[in-house]
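Examining the three-dimensional arrangement
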Amino acid sequence: MTKTVRIENADTSNWPVRVTAQHKNEAGEWVDQPSPVQLDHPTRQTEQYLTSSRRLVIEEKAADPASAA
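Source: prediction; values computed, not measured.

1. Looking at the overall build of the protein
- Counting its regular elements, the protein contains one helix and six strands.
- In sequence order, the secondary structure elements of the protein are arranged as β-β-β-β-β-β-α.
- Among the 69 residues that make up the protein, the fraction classed as buried is 22%.
- A separation threshold of at least 6 residues defines the contact pool for the protein, and within that pool the share at least 24 residues apart is 66%.
- A total accessible area of about 5,000 Å² is found for the protein, and carbon and sulfur atoms account for 48% of it.

2. Brief notes about the nonpolar core
- Counting residues in hydrophobic clusters, the biggest one holds six residues: Ile7, Val17, Val19, Ala21, Leu39 and Leu56.
- The element best represented in this core is strand β2 (residues 17–24), accounting for three residues.
- Ignoring sequence-local partners within four residues, the contact set of Ile7 consists of Val19, Leu39, Arg44, Gln45, Thr46, Gln48, Leu56 and Ile58.

3. As for the side chain of Arg18
- Looking at the element boundaries, Arg18 is found in strand β2.
- When its relative accessible area of 14% is taken as the criterion, Arg18 is described as buried.
- Side-chain polar atoms of Arg18 contact the side chain of Gln38, separated by 3.3 Å.

4. A few points about the environment of Gln33
- When you line up the elements, Gln33 lands in the loop between β3 (30–32) and β4 (37–39).
- Taking the C-alpha atoms as reference points, Gln33 and Gln22, eleven residues apart in sequence, are found 5.4 Å from one another.
- Not counting residues within four places of it along the chain, the set of residues in contact with Gln33 comprises Ala21, Gln22, His23 and Arg54.
- A polar atom in the side chain of Gln33 sits 2.3 Å from the side chain of His23.

Conventions and cut-offs
Residues numbered from 1 in each chain as written. Predicted model: local features only at pLDDT ≥ 70, side-chain atom pairs only at ≥ 80, totals over all residues. Heavy atoms only, no water. Helix = DSSP H or I, 4+ residues; strand = E, 2+ residues; numbered from the N terminus. Buried < 20%, exposed > 50% of the residue type's maximum accessible area, 1.4 Å probe, protein only. Contact = heavy atoms within 4.5 Å. Areas by Shrake-Rupley, 256 points an atom, 1.4 Å probe, with all protein chains shown as cover. Core = buried A, V, L, I, M, F, W, Y, C linked by side-chain atoms within 4.5 Å. Polar contact = N/O pair within 3.5 Å; in protein donor to acceptor, adjacent residues only side chain to side chain.

Here it is as structure tokens:
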């Protein structure tokens with residue numbers, strides 16, 4: 001079953017939130033998907049999906065050097 005979820009940076013601090021999708025490979029290990037989503041400021045949202053072989057990792061992170069450029 002596929003489940004759609006929304007994640008919002010609802011805090012007013014300057015710290016962004018990073019959402020990384022992971023999937024299970026053939027060996028059953030969790031592997032990061034390319035291009036994590038950076039929620040840089042309050043009210044920014046992302047919509048992602050979950051399955052039995054896909055999960056989301058949500059972290060408070062400093063901005064990526066690439067996204068700051």
